[in-house]
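# Topology and contacts: notes
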Amino acid sequence: MENRRLGHTKLVVSPVCVGTSPLGSFPAQYGYEVSTEQAISTLRRVFEGPFTFIDTSNEYGGGESERRIGQAMAQAGGLPQDVVLATKVDPLPGSTDFSGDRVRASVEESLERLGLDRLQLVYLHDPEKISFADGVASGGPLEALIGLRDQGVIDYIGVAGGPIPLMLQYLDTDAFDAVISHNRFTLVDQSALPLIEDAHRRGVGFVNGAPYGGGMLVKGPDAHPNYCYAPAGEATRDRVRAMERVLTAAGIPLAAAALQYSLREERIAATIVGMSTPERVEQTIELAEWPIPAEVWAEIEPLAVVGRSGHEV
Ligand SMILES: NC(=O)c1ccc[n+]([C@@H]2O[C@H](COP(=O)([O-])OP(=O)(O)OC[C@H]3O[C@@H](n4cnc5c(N)ncnc54)[C@H](OP(=O)(O)O)[C@@H]3O)[C@@H](O)[C@H]2O)c1
């Protein structure tokens, strides 16, 4: 697993990025609580390597994800030198204010929680919360992010969200250095492919979030029937069960195929895996390196592309 350059930026990142949405404690989304101690020991383990890319946001766990990263960094004497830490700007919880002023306040909050004076990479988070026109309007969030980049508060800016047509519209502004799509390039949904192609053509770093669809493709469709944080349809779960049968017969965990499906796509700079326990680091390395013969991929791939829109967004 060699490190990769993030688009045209100077950032070099590990192909696995550590996602910290579960680690902020987000029981409504993941179904369990995560204590501060557990989160900090997970982060301390992450700092030991080999993953050198961490993803958070202003809103994960109501700010708890960033706060915990800040605490772990303080304990460790700062962010390890080779680690890239990305965060995102968000409206206040329960608010839809995504004005330029709110973006600047969100960045201030992130800097304070993380104990930093500049941020390497900041994404406009879930821009589907507002219209594209409001997103690019004068006094709006994109203008504010560009201003912060011009001032040197932020090194690079990105956009991170769901609907692919909207994400394509944002890339068409040519303002962004990186893009996150989530739950849309996995074993059950490849609807992000046009965005992957577009980002590659523009030199924008493409980052693929949620290779396990938020849990189903690691915990199994019966233990975790949700995909993309909502109940999955029976057809999607059946497709995953069929893949599981092929993989189990070959002695391969479903999660190994789910993770490698993203890792082996060369136009994806990094794949964000959410994790909230220290042992996930070793487990993720093992899953990333699990040998999967070509004949197994040949059986899995037709199941993966059947019914491309496996979930409704
Ligand atoms: N709009 C956006 O920008 C956006 C949207 C979605 C996601 N993201 C980013 O992408 C990251 C990934 O998404 P996600 O966390 O929702 O989904 P995910 O990576 O598909 O799945 C995370 C879930 O898988 C579990 N898991 C991970 N490795 C495991 C293993 N080896 N064995 C068993 N369970 C394992 C985690 O459990 P534990 O908690 O127990 O480790 C967690 O419940 C997020 O954390 C976030 O940083 C961004």
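Quick note: structure is the one above.
Summarised in this report is the structure supplied together with it. What you see is a predicted model; the values in this text were computed from it and never measured. (Residues numbered from 1 in each chain as written. Predicted model: local features only at pLDDT ≥ 70, side-chain atom pairs only at ≥ 80, totals over all residues. Heavy atoms only, no water.)

## Considering the site of the ligand
Lining the immediate environment of the ligand, one finds 31 residues, of which Tyr30, Tyr32, Asp55, Tyr229 and Ser276 sit closest. Residue Tyr212 places a main-chain N or O atom 2.9 Å away from an oxygen atom belonging to the ligand. In this structure, an oxygen atom belonging to the ligand sits 2.8 Å away from a main-chain N or O atom of Gly214. Out of a free accessible area of 900 Å², the ligand has 94% covered by protein chains. (Near = heavy atom within 4 Å. Polar contact = N/O pair within 3.5 Å; in protein donor to acceptor, adjacent residues only side chain to side chain. Areas by Shrake-Rupley, 256 points an atom, 1.4 Å probe, with all protein chains shown as cover.)

## Overview of the sheet that holds strand E3 (residues 16-19)
Taking strand neighbours around the barrel as the criterion, the eight strands line up as E3-E4-E5-E6-E7-E8-E9-E12 in a closed arrangement whose pairing is parallel. Between one strand and the next, the sheet's axes are offset by a mean angle of 30°, whatever the strand orientation. Bridging between E3 and strand E4 (residues 53-55) involves two bridges; their strand directions are parallel. What sits directly across from Val18, in E4, is Ile54. Contacts from helix H11 (residues 254-263) reach E3, strand E9 (205-209) and strand E12 (270-274), with the element oriented near 150° to E12. (Pairing = 2+ DSSP bridges. Helix = DSSP H or I, 4+ residues; strand = E, 2+ residues; numbered from the N terminus. Axes fitted to C-alpha atoms, helices over the stretch in contact; angles between N-to-C directions. Contact = heavy atoms within 4.5 Å.)

## Points about the pairing of strand E7 (residues 154-161)
Burial analysis of E7 places seven of its eight residues in the buried class, the great majority of the element. Here six bridges tie strand E6 (residues 119-125) to E7, and the two strands are oriented parallel to one another. Its bridge partner lying in E7, Leu119 is registered against Ile154. Here E7 runs beside strand E8 (residues 178-182); their pairing, made up of four bridges, is parallel. Within the sheet, the bridge partner assigned to Val159 lies in E8 and is Val179. (Buried < 20%, exposed > 50% of the residue type's maximum accessible area, 1.4 Å probe, protein only.)

## Notes on the nonpolar core
Judged by nonpolar contacts, the single largest core of 82 residues is most densely connected at Val107, Val179 and Leu187. A per-element tally of this core places H11 first, with eight residues. In contact with Val179, other than residues within four places in its own chain, are Tyr123, Val159, Met167, Leu171, Leu195, Ala199, Val204, Gly205, Phe206 and Val207. Of all hydrophobic cores here, the second largest spans 17 residues; its members include Leu6, Leu11, Val84 and Leu121. (Core = buried A, V, L, I, M, F, W, Y, C linked by side-chain atoms within 4.5 Å.)

## Digging into the side chain of Thr284
With respect to the helices and strands, the residue Thr284 is situated in helix H12 (residues 279-289). Thr284 has contacts with Val16, Phe51, Leu259, Val273 and Met275, leaving out every residue within four places of it along the chain.

## Here's the deal with helix H13 (residues 294-305)
Here H13 contains twelve residues, and its C-alpha end-to-end distance of 17 Å stays within 8% of the 16 Å for a straight helix at 1.5 Å per residue. Of all the residues in H13, the buried ones are Val296, Trp297, Ile300 and Ala304. Looking straight down H13, one finds its buried side chains confined to an arc of 90°; they lie on one side. Pointing more than 90 degrees away from the buried face of H13 are the exposed residues Glu295 and Ala298. (Expected span 1.5 Å × (residues − 1). Arc of directions from axis to C-beta.)

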